[in-house]
Amino acid sequence: MLAAFVGYKIAGAAGAAIAAPAIFLPSFLMILSILPLLSRMNDLQWLRAFMRGVGPAVIGALAVSLVQMAPHAAPDIFTWILLATSVVLMLLRNVGPLPLTSGGALIGLLSKGKSAWERVQVIL
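First things first, this report covers the structure right here in the doc. As the structure is a computational prediction, the values presented were derived from the model and not from experiment.

1. A few points about the overall build of the chain
Item 1. Summing up its helical and strand segments, the chain has 5 helices and 0 strands in all.
Item 2. Reading the secondary structure of the chain in the N-to-C direction produces α-α-α-α-α.
Item 3. Its C-alpha atoms give the chain a radius of gyration of 21 Å, more than 25% over the compact-globule value 14 Å for 124 residues.
Item 4. Counting across all 124 residues of the chain, residues that qualify as buried make up 11%.
Item 5. Within the chain, contacts between residues separated by at least 24 positions form 30% of all contacts whose residues are at least 6 apart in sequence.

Dropping the structure here:
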């Protein structure tokens, strides 16, 4: 998105249309070129062990990032309740990101300019 924004600022819509694909095309072509090799390497035992180990490592790194960003992302009780509601809906009801984002935006618009307690009542 940043590349498209910079492209737009430099050359308008045409700059955005060129910058956005230009930022993703090299990595896409690189992955596309090694796909046959990856499918042949699927049977290697050490690669399977590596992939099993990478999953928990990535989850751990994401969890640390989440813990570090949470106080900045949710500075008051209203946003903490909204965050907790979103997480519960994702985990228990399997709600996707688009309805959650749209719902959060709608709740934010409805609660704009209200006190903290009135904002919490909008959610409830």
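From this point, things continue past the structure.
2. Here's the deal with the side chain of Ser111
Item 1. As for its placement among the helices and strands, Ser111 is situated in the loop between helix 4 (97-110) and helix 5 (116-123).
Item 2. Looking at Ser111, the relative accessible area reads 3%, which means it is buried.
Item 3. Of note is the side chain of Ser111, whose polar atom sits 3.2 Å from the backbone oxygen of Gly108.

3. Some points on helix 1 (residues 2-40)
Note that an α-helix has 3.6 residues per turn; residues three or four places apart therefore point the same way.
Item 1. Taking 1.5 Å of rise per residue, 39 residues should cover 57 Å, yet helix 1 covers just 36 Å from first to last C-alpha, more than 12% shy of that figure.
Item 2. At Ala11, helix 1 shows its maximal kink, close to 145°.
Item 3. Among all positions of helix 1, only Gly7, Gly15, Ala16 and Ala19 are buried.

4. Looking at unusual backbone geometry
Item 1. For Asn94, which is not a glycine, the phi torsion comes out positive at approximately 55°.
Item 2. As for its position among the elements, Asn94 is in the loop between helix 3 (77-93) and helix 4.
Item 3. Asn94 sits in the exposed class, given a relative accessible area of 69%.

5. Some points on the environment of Arg48
Item 1. Mapped onto the elements of the fold, Arg48 is located in helix 2 (residues 45-73).
Item 2. Its relative accessible area of 38% is what places Arg48 among the partly exposed residues.
Item 3. Here Arg48 is in contact with Asn42 and Asp43, once residues within four sequence places are set aside.

6. Notes on the environment of Ser27
Item 1. Note on placement: Ser27 falls in helix 1.
Item 2. Note on Ser27: relative accessible area 38%, which makes it partly exposed.
Item 3. Looking at Ser27, its side chain comes within polar contact range of the main-chain oxygen of Phe24, at 3.2 Å.

7. Details of a nonpolar patch on the surface
Item 1. Side chains of Leu25, Phe28, Leu29, Ile31, Leu32, Ile34, Leu35, Leu37 and Leu38 sit close together on the surface and give an oily, nonpolar patch of about 790 Å² of accessible area.
Item 2. Relative to the elements of secondary structure, Leu32 occurs in helix 1.
Item 3. Leu32 sits in the partly exposed class, given a relative accessible area of 45%.

8. Considerations on the packing of helix 3 against helix 4
The relative placement of two packed helices comes down to the angle between their axes together with the axis-to-axis distance.
Item 1. It is the contact of helix 3 with helix 4, at a shortest axis distance of 11 Å, that shows an interaxial angle of 155°. Looking at the two axes, helix 3 sits roughly antiparallel to helix 4. In this structure, the crossing between helix 3 and helix 4 has a hand that is right-handed. Contacts between helix 3 and helix 4 involve Phe78, Leu82, Ser86, Leu89 and Met90 from the former and Leu100, Gly104 and Ile107 from the latter.
Item 2. Considered class by class, the residues forming the contact of helix 3 with helix 4 number 6 nonpolar, 2 polar and no charged.

Each value, and the rule that gives it
Residues numbered from 1 in each chain as written. Predicted model: local features only at pLDDT ≥ 70, side-chain atom pairs only at ≥ 80, totals over all residues. Heavy atoms only, no water. Helix = DSSP H or I, 4+ residues; strand = E, 2+ residues; numbered from the N terminus. Rg over C-alpha atoms; globule rule 2.2 N^0.38 Å. Buried < 20%, exposed > 50% of the residue type's maximum accessible area, 1.4 Å probe, protein only. Contact = heavy atoms within 4.5 Å. Polar contact = N/O pair within 3.5 Å; in protein donor to acceptor, adjacent residues only side chain to side chain. Expected span 1.5 Å × (residues − 1). Bend = angle between axes of the 7 residues up to and from the residue. Patch = residues over 30% accessible without salt bridge, like charges linked within 9 Å, V, L, I, M, F, W, Y side chains within 5 Å. Areas by Shrake-Rupley, 256 points an atom, 1.4 Å probe, with all protein chains shown as cover. Salt bridge = Lys/Arg side-chain N within 4 Å of Asp/Glu carboxyl O. Axes fitted to C-alpha atoms, helices over the stretch in contact; angles between N-to-C directions. Parallel < 35°, antiparallel > 145°, perpendicular 65-115°, else oblique. Left-handed = near helix turned anticlockwise from the far one by under 90°. Nonpolar A, V, L, I, M, F, W, Y, C, P; charged D, E, K, R; others polar.

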